[in-house]
Structure formats: structure tokens, C-alpha cells
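So you can see what is in the structure, the chains are spelled out below.
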Amino acid sequence: MREYDKKVHTDIDGSIITENLCLAAADCGLGSCWIGHFDPKLISEILDLPENLDPMAILTIGYPTNDEMPAKKRKSLEEIVRII
């Protein structure tokens, strides 16, 4: 906790840790998917977590498939960036 304004950085720290795990997985040739939309109470029950722990993220890690993914239709840079 930052003393002068009492800011708690738990969510920020958890995000940094999760992203570093994604980068480490990629460095090992693995794919990952960061899942942030989940029911923390349900996950705590499924994993039988102690009451003092709150799940912040789910990170799936595995070998990517060799199957071709369909190309995503993306907007052009000119459609989403405006220089003022």
C-alpha cells in the first residue's frame, strides 16, 4: 500500500505477473490465453482455495495448433487512428 494515498496495487501487480507468464510461455513456444471474465466465487469453490485468496485471472497455456486460423477482417489504420 502506498502510504501517502493508501493506493493498493494488488490488481496491477497481478496483471504484471500474468503478462510476464504469457511472455515466458511464448518464449517457450507455447500459446496462452488470459481470461479475466469469470465468477471468482465459483472458481474458488472449484479449486478449493482458502478464503483469504481471491482469484484474479485464469491463464490457459498450451501448444498452439498447426491448423490455419481464418484471417480476421481488421479495420485499416486510417479508420481507427486520427492525428489531431
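Below is a short write-up of the structure. Just so it is clear, the model here is predicted, and its values are computed rather than measured.

With that out of the way, let us pick up the overall build of the protein chain. When its secondary structure is counted, the protein chain shows three helices and two strands. Along its sequence from the N terminus, the protein chain presents helices and strands in the succession α-β-α-β-α. Here the protein chain has a C-alpha radius of gyration of 18 Å; the compact-globule value for 84 residues is 12 Å, and the former is much larger. Looking at the protein chain residue by residue over its 84 residues, the buried ones come to 10%. Restricting the contact set of the protein chain to residue pairs at least 6 apart, pairs at least 24 apart contribute 57%. As displayed, the protein chain has an accessible area near 7,900 Å², and 57% of this comes from carbon and sulfur atoms. Distance between charge centroids for the protein chain: 11 Å, based on 9 positive and 15 negative side chains.

Mapped onto the elements, aspartate 5 comes out in the segment before helix H1 (10-27). The exposure class assigned to aspartate 5 is partly exposed, which follows from its relative accessible area of 37%. Within the structure, the side chain of aspartate 5 is placed 2.8 Å from the side chain of arginine 2, a separation counted as a polar contact. Only 3.1 Å separates the side chain of aspartate 5 from the backbone nitrogen of lysine 7, close enough to count as a polar contact.

It is worth spelling out the pattern of salt bridges at this point. Applying the stated criterion to the full structure yields two salt bridges. In this structure, arginine 2 and aspartate 5 form a salt bridge, with 2.8 Å as the shortest nitrogen-oxygen distance.

Looking now at H1. Structural remark: α-helix, 3.6 residues per turn; residues separated by three or four positions point the same way. Taking 1.5 Å of rise per residue, the 18 residues of H1 would be expected to cover 26 Å, and the 26 Å separating its terminal C-alpha atoms lies within 8% of that figure. By the burial criterion, the buried members of H1 are Gly14, Thr18, Cys22 and Ala25. The arc that holds every buried residue of H1, seen down its axis, measures 80°, which confines them to one face. Residues of H1 that are exposed and angled more than 90 degrees away from the buried face: Ile17, Leu23 and Asp27. Those residues of H1 that are buried are in contact with strand E1 (31-35) and strand E2 (58-62).

What follows covers the side chain of serine 44. For serine 44, the position within the fold is in helix H2 (residues 40-46). With a relative accessible area of 17%, serine 44 lands in the buried category.

Turning our eyes to something else, we now look at unusual backbone geometry. In this structure, lysine 6 is a non-glycine residue whose phi angle is positive, near 65°. Relative to the elements of secondary structure, lysine 6 occurs in the segment before H1. One non-glycine residue with positive phi stands out, namely aspartate 48, at about 50°. For aspartate 48, the location among the structural elements is in the loop between H2 and E2.

Definitions and cut-offs
Residues numbered from 1 in each chain as written. Predicted model: local features only at pLDDT ≥ 70, side-chain atom pairs only at ≥ 80, totals over all residues. Heavy atoms only, no water. Helix = DSSP H or I, 4+ residues; strand = E, 2+ residues; numbered from the N terminus. Rg over C-alpha atoms; globule rule 2.2 N^0.38 Å. Buried < 20%, exposed > 50% of the residue type's maximum accessible area, 1.4 Å probe, protein only. Contact = heavy atoms within 4.5 Å. Areas by Shrake-Rupley, 256 points an atom, 1.4 Å probe, with all protein chains shown as cover. Lys, Arg positive; Asp, Glu negative; His and termini not counted. Charge placed at Lys NZ, Arg CZ, Asp CG, Glu CD. Polar contact = N/O pair within 3.5 Å; in protein donor to acceptor, adjacent residues only side chain to side chain. Salt bridge = Lys/Arg side-chain N within 4 Å of Asp/Glu carboxyl O. Expected span 1.5 Å × (residues − 1). Arc of directions from axis to C-beta.

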